[in-house]
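Listed here are the chains, written in short residue letters.
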Amino acid sequence: MNDDYLWDKSGRDPEIEAIENLLAPLAHSEDSGPPPRMPVSPAWGALLAVLATAAVVFFAVRLAMPAETPHRVRFPNPVQLTAAREIDLGIYGSVNAHEGAVVDVIRQSADEIRLRLTRGTIDARITYAARPRLFQVETPSTTCVDLGCHYTLTVEADGSTLVRVDSGQVAFADRGRETWVPADASCRAFPARGSGTPRWDDTPGDLVAAIEALDRARPEDRREAALAVIRACRSGGSALTLWHLAHDRDPGISEAAWPALVARIGVPDGVTEERAPEAEENWKQRIMDSAR
């Protein structure tokens, strides 16, 4: 083999020339164009165009759709209702917003469903499929925390809130504390004051008046108003109100309410430390039994 032939084709090399002659038909031609296109049937072309358009439409619609989650709740957000409207919560129940109610959605997820009721009335029917505290409603005065029940919640023009519980129980949560409101009871809350004093729906008129005076009392008059409520609690049916006052932050109120509570319904069976946190459920059961 002649190496000079490989570099500058000087001299001759029969072997290399033979290989070049063999491959010559495959060499690139300056005049050659791109390979001819395969003919496409008009029918196939139309079909491909339709499929391409359908794919574009599908992905555009899919991107515009909200992601689905199990038991997703859909609300108007926000809305002032001009007619009564039922909001379906699926397995968790429903909320009936009365005409004129102003409802806003704060959060809706598998961990929490939270509304804000600025004005008007809603009826909440929450099933036991909803774990306690899943459904909550904020108001200008407090947050109503569902514990599995049916209740009516109203926000007045002044921002005050009234809950009436038909079945189950709720809690008013505000100012770092919770106020327990069971079935057949009601409670008010007030802007800047928070939760008031719960009472049974059949509470005697004189006790109702004393409770309302307490809930509206000035801070400097509050202890005396609470003592007036305690004096008006004359039967076992007043235990719900006394239980609330027994947990008041003012020691002068709580220390007067505890003995009055024990005098009306006694200490629940099995409770040795009447103020121990673990005795709370026993007390609540005794309070409900005393109202029957």
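Residues numbered from 1 in each chain as written. Predicted model: local features only at pLDDT ≥ 70, side-chain atom pairs only at ≥ 80, totals over all residues. Heavy atoms only, no water.

Draft legend 1. Representation of helix H4 (residues 205-215) in the model. Taken together, the buried positions of H4 are Leu207, Val208, Ala210, Ile211, Leu214 and Asp215. The arc that holds the buried residues of H4, viewed along the axis, is 165°, so those residues lie on one side. (Buried < 20%, exposed > 50% of the residue type's maximum accessible area, 1.4 Å probe, protein only. Helix = DSSP H or I, 4+ residues; strand = E, 2+ residues; numbered from the N terminus. Arc of directions from axis to C-beta.)

Draft legend 2. Summary view of the confidence of the model for the protein. Overall, the prediction assigns the protein a mean pLDDT of 82, with 71% of residues at 70 or greater. Confidence drops under a pLDDT of 50 for residues 56-76, and excluding neighbours within four residues, the segment shows 19 contacts in the predicted structure. (pLDDT = per-residue confidence, 0-100. Contact = heavy atoms within 4.5 Å.)

Draft legend 3. Structural view of unusual backbone geometry. Positive phi, close to 55°, is recorded for arginine 175, a residue that is not glycine. By relative accessible area, which is 48% here, arginine 175 ends up partly exposed. Even without glycine at this site, aspartate 184 takes up a positive phi of about 70°. Turning to its location among the elements, aspartate 184 is positioned in the loop between strand S11 (177-182) and strand S12 (185-190).

Draft legend 4. Summary view of the packing of helix H5 (residues 222-232) against helix H7 (residues 251-265). It is at 10 Å that the axes of H5 and H7 come closest, and there the two elements cross at 5°. One way to sum up the angle between H5 and H7 is to call them roughly parallel. Taken together, the residues of H7 that come into contact with H5 (itself represented by Arg222, Arg223, Ala226, Leu227 and Ile230) are Gly252, Ile253, Ala256, Ala257 and Ala260. (Axes fitted to C-alpha atoms, helices over the stretch in contact; angles between N-to-C directions. Parallel < 35°, antiparallel > 145°, perpendicular 65-115°, else oblique.)

Draft legend 5. The arrangement of helix H6 (residues 239-246) in detail. Counting buried residues along H6, eight of its eight residues qualify, which places the element largely inside the surrounding structure. Of the residues making up H6, those classed as buried are Ala239, Leu240, Thr241, Leu242, Trp243, His244, Leu245 and Ala246.

Draft legend 6. Up close: the pairing of strand S2 (residues 85-88). The pairing of S2 with strand S3 (residues 93-97) spans four bridges and is antiparallel. Its bridge partner being in S3, arginine 85 is matched across the sheet by alanine 97. Linking two consecutive strands that pair antiparallel, namely S2 and S3, is a turn of four residues; a positive phi of about 65° is found at glycine 90 within it. (Pairing = 2+ DSSP bridges.)

Draft legend 7. Just the packing of aromatic side chains, in detail. For the structure shown, the criterion picks out three aromatic pairs. Within the aromatic cluster, the residues linked to one another by ring pairs are Trp243, Trp258 and Trp283. (Phe/Tyr/Trp six-rings, centres within 6.5 Å; stacked < 30°, edge-to-face > 60°.)

Draft legend 8. Structural context of the pairing of strand S4 (residues 102-108). Sheet topology places S4 next to strand S5 (residues 113-126); six bridges connect them, and they run antiparallel. Bridge pairing in S5 links valine 105 to leucine 115. Once S4 ends, the chain turns through four residues before running back antiparallel as S5.

Draft legend 9. Structural view of the side chain of threonine 139. Mapped onto the fold, threonine 139 is located in the loop between strand S6 (135-138) and strand S7 (143-146). Filtering out sequence-adjacent residues up to four positions away, threonine 139 remains in contact with Leu117, Leu153, Val155 and Thr161.

Draft legend 10. Summary view of the pattern of salt bridges. One pass over the structure, following the stated rule, counts 16 salt bridges. Taking the shortest distance from any N to any O, the salt bridge between glutamate 224 and arginine 231 comes out at 3.6 Å. For arginine 231, a relative accessible area of 52% gives the class exposed. The partner of aspartate 269 in a salt bridge is arginine 286, with the nearest N and O atoms 3.8 Å apart. Remark: arginine 286 occurs in helix H8 (residues 280-290) and aspartate 269 occurs in the loop between H7 and H8; sequence separation between them is 17 residues. Take aspartate 269: its relative accessible area is 66%, and that puts it in the exposed class. The exposure class assigned to arginine 286 is partly exposed, which follows from its relative accessible area of 21%. Here the salt bridges do not stand alone but share partners, grouping Asp104, Arg107, Glu112, Arg114, Arg116 and Glu138 into one network. (Salt bridge = Lys/Arg side-chain N within 4 Å of Asp/Glu carboxyl O.)

Draft legend 11. Spotlight on the packing of H6 against H8. Packing of H6 against H8 leaves a shortest axis separation of 9 Å and a crossing angle of 150°. Between H6 and H8, the angle is such that the two are roughly antiparallel. On H8, the residues that touch Ala239, Leu240 and Trp243 of H6 are Glu280, Trp283, Ile287 and Ser290. Here the contact of H6 with H8 is built from residues that sort into five nonpolar, one polar and one charged. (Nonpolar A, V, L, I, M, F, W, Y, C, P; charged D, E, K, R; others polar.)

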